[in-house]
Amino acid sequence: MKPLPVCIYDVAPQRATLPYTILREVSVEANDTKDGRSDFDFGYVEVQHYAATRIKVAEMARDARLALDRAAEAVYNTITVVSISFETQNSDAEEIENNIQHVKEQTYKVITR
């Protein structure tokens with residue numbers, strides 16, 4: 001079994017060891033019912049993958065999409081995740097301390113109840 005990349009929330013520490021993934025909440029919007037409180041929220045989550053090679057970062061992005069896109073409804077810590085859908089993906093490369101890091105940024109729409 002291959003080791004999984006480290007998953008970090010919001011910001012990676014300086015000198016984080018590659019590969020790693022950052023999860024970040026981008027926004028949350030209430031479903032406007034125009035009558036009473038909202039039963040659903042629409043959230044957007046950004047998943048940023050960092051690796052030393054294009055091949056590895058592409059593999060990480062593919063694996064995340066396979067795991068998250070259209071995942072079955074589930075309950076996590078009393079929050080029901082109704083659906084997760086893949087929205088967008090961008091690629092980039094960054095030079096940090098004379099080392100190239102390949103990056104794939106994915107955005108997912110998350111509907112919760």
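Residues numbered from 1 in each chain as written. Predicted model: local features only at pLDDT ≥ 70, side-chain atom pairs only at ≥ 80, totals over all residues. Heavy atoms only, no water.

(A) Representation of the pairing of strand β3 (residues 41–51) within the structure. Pairing analysis gives 10 bridges linking strand β2 (residues 20–30) to β3, with the strands arranged antiparallel. Its bridge partner being in β3, S27 is matched across the sheet by Y44. Summarising the sheet, β3 and strand β6 (residues 99–112) pair through 11 bridges and their orientation is antiparallel. The residue of β6 that forms the bridge with A51 is H102. (Pairing = 2+ DSSP bridges. Helix = DSSP H or I, 4+ residues; strand = E, 2+ residues; numbered from the N terminus.)

(B) Looking closely at the packing of aromatic side chains. Counting across every chain of the model gives 2 aromatic pairs. The interplanar angle of 15° and the centroid separation of 4.9 Å between the aromatic rings of Y20 and Y50 together place this pair among those described as stacked. With Y20 in strand β2 and Y50 in strand β3, this pair connects stretches of sequence that are 30 residues apart. By the burial criterion, Y20 is buried, and Y50 matches it. Pairing F86 with Y108 gives two aromatic rings, centres 5.7 Å apart and planes at 70°, and the pair type is edge-to-face. Here F86, found in strand β5 (residues 79–96), pairs with Y108, found in strand β6; they are 22 residues apart in sequence, far enough to count as distant. On the basis of relative accessibility, which here comes to 1%, the residue Y108 falls in the buried class. Looking at R65, its charged tip hangs above the ring of F86, at a distance of 3.7 Å from the centre. (Phe/Tyr/Trp six-rings, centres within 6.5 Å; stacked < 30°, edge-to-face > 60°. Buried < 20%, exposed > 50% of the residue type's maximum accessible area, 1.4 Å probe, protein only. Lys NZ or Arg CZ within 6 Å of the ring centre and 35° of its normal.)

(C) Representation of the pairing of β5. For strand β4 (residues 74–76) and β5, the ladder comprises 3 bridges, and the chain directions are antiparallel. Opposite V75, over in β5, you have T80 as the bridge partner. Count of turn residues in the β4/β5 antiparallel hairpin: 2 residues, of which N77 carries a positive phi of about 50°. Note: β5 against β6, 14 bridges, orientation antiparallel. The partner of V81 across the bridge, within β6, is T112. Between β5 and the antiparallel strand that follows it, β6, lie 2 residues; E97 among them carries a positive phi value of about 50°.

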